[in-house]
Amino acid sequence: MPSTFPTVVRGPVANPGPDGSVTYTPDGALAADSGGRLTFVGAWDDFARAHGPGVPHARVRGLIVPGMFDLHTHVPQHPIRGHFSDHVDPNDGRGVLLASLEKNVFPAERTWEDAPHA
């Protein structure tokens, strides 16, 4: 019988709740339908009981968590969005983050020291 869950992963799951709590499940499962929408998050035993233990799945070694999104922006950085590390040497001894800040971000933010520009 074909699986109705094209994507199933098994491993430890940290699932945040709407009240700010986090449920940790050491042997958990995450399943998505063919459209990529989550259909199950919880204990592997509960998933296997409902769908059979033979459902094809991938084992993960890390922790399964929701995607992390940073949705805030710094208005002075707007002109360099998507170009944070342009013209930065990846082998710079300071590391890409510090080199990118010094080469692109800090100069973009300094333009706002000028009151008429800001």
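Overview of the structure.

Conventions adopted
In this numbering scheme, every chain counts its residues from 1 along its sequence in written order. For a predicted model such as this one, the threshold for reporting local features is a pLDDT of at least 70, and the threshold for listing and counting side-chain atom pairs is 80 or more; totals across whole chains, interfaces and linings nevertheless cover every residue. Values reported for side chains reflect all heavy atoms of the structure, with hydrogen atoms and water molecules removed beforehand. Joining through side-chain atoms within 4.5 Å is the link that ties buried Ala, Val, Leu, Ile, Met, Phe, Trp, Tyr and Cys residues into a set, and such a set is a nonpolar core. Partly exposed describes any residue whose relative accessible area lies between the buried limit of under 20% and the exposed limit of over 50%, with all areas from a 1.4 Å probe on protein chains only and scaled to the type maximum. Under the scheme used here, helices are H or I runs from DSSP no shorter than 4 residues and strands are E runs no shorter than 2 residues, and both carry numbers assigned from the N terminus. We call two residues contacting when some pair of their heavy atoms lies within 4.5 Å. The pairing criterion is simple: DSSP has to find at least two bridges between the two strands. Any N or O atom pair separated by 3.5 Å or less is treated as a polar contact, with the protein-specific requirement of one donor-capable and one acceptor-capable atom, and with residues adjacent in sequence counted only for side-chain atom pairs. Just to be clear on terms, a salt bridge is a Lys or Arg side-chain nitrogen sitting within 4 Å of an Asp or Glu carboxyl oxygen. In this scheme Phe, Tyr and Trp rings, the latter by its six-membered ring, pair at centre separations within 6.5 Å, and the angle between planes marks the pair as stacked below 30 degrees, edge-to-face above 60, and tilted otherwise. Given a helix with a known number of residues, its expected span is that number minus one, times 1.5 Å. One axis fitted to the seven residues ending at a residue, another fitted to the seven starting there: the angle between these axes is the bend at that residue.

What tends to happen in soluble globular proteins is that the nonpolar side chains get buried as a cluster. Ranked by size, the top nonpolar core spans seven residues in total: Val 8, Ala 29, Ala 31, Trp 44, Phe 47, Ala 48 and Val 55. Those elements that place two or more of their residues in this core are strand E2 (22-32) and helix H1 (44-51). Of the residues forming this core, the biggest block, three residues, is contributed by H1. Once you skip the residues sitting within four places of it in the chain, Val 8 turns out to touch Leu 30, Ala 31, Trp 44, Phe 47, Val 55, Pro 56, His 57 and Ala 58.

To continue, consider the sheet that holds strand E4 (residues 58-59). Read from one edge to the other, the open sheet built from four strands follows the order E3-E2-E1-E4, with strand pairing classed as mixed. Unpaired on one side and paired on the other, strand E3 (38-43) and E4 mark the two borders of the sheet. With two bridges joining them, strand E1 (residues 7-16) and E4 adopt parallel strand pairing. Directly across from Arg 10, in E4, lies its bridge partner Arg 59.

In this structure, Ser 21 sits in the loop between E1 and E2. With sequence-adjacent residues up to four places away left out, Ser 21 is seen in contact with Asn 15 and Pro 16. Within the structure, the side chain of Ser 21 is placed 2.6 Å from the side chain of Asp 19, a separation counted as a polar contact.

Take the pattern of salt bridges next. Overall, the coordinates contain five salt bridges when judged by the stated rule. Asp 33 is paired through a salt bridge with Arg 37; the nearest N and O atoms lie 3.3 Å apart. The shortest N-O distance in the salt bridge between Arg 49 and Asp 46 comes to 2.6 Å. On the criterion of helical spacing, the pair formed by Arg 49 and Asp 46 is a turn pair, its members being three residues apart in helix H1. Among the residues examined, Arg 49 registers a relative accessible area of 63% and is labelled exposed. By relative accessible area, which is 38% here, Asp 46 ends up partly exposed. Each of the salt bridges in this network shares a partner with another, and the network as a whole consists of Asp 92, Arg 94 and Glu 102.

A few words now on the packing of aromatic side chains. The full count for this structure, using the stated rule, is two aromatic pairs. Consider the rings of Trp 44 and Phe 47, whose centres lie 5.6 Å apart with planes at 35°: the pair is tilted. In this pair, Trp 44 and Phe 47 both sit in helix H1, three residues apart, roughly one turn of the helix. For the pair shown, Trp 44 and Phe 47 are each scored as buried. An aromatic cluster of three or more residues is present, and its members are Phe 40, Trp 44 and Phe 47.

Glancing now at helix H2 (residues 96-110). Note that an α-helix has 3.6 residues per turn; residues three or four places apart therefore point the same way. Taking 1.5 Å as the rise per residue, H2 with 15 residues should run 21 Å; its terminal C-alpha atoms sit 20 Å apart, in good agreement. If you look at H2, its biggest bend is around 40°, right at Glu 102. Among all positions of H2, only Ala 99, Ser 100, Asn 104, Val 105 and Ala 108 are buried.

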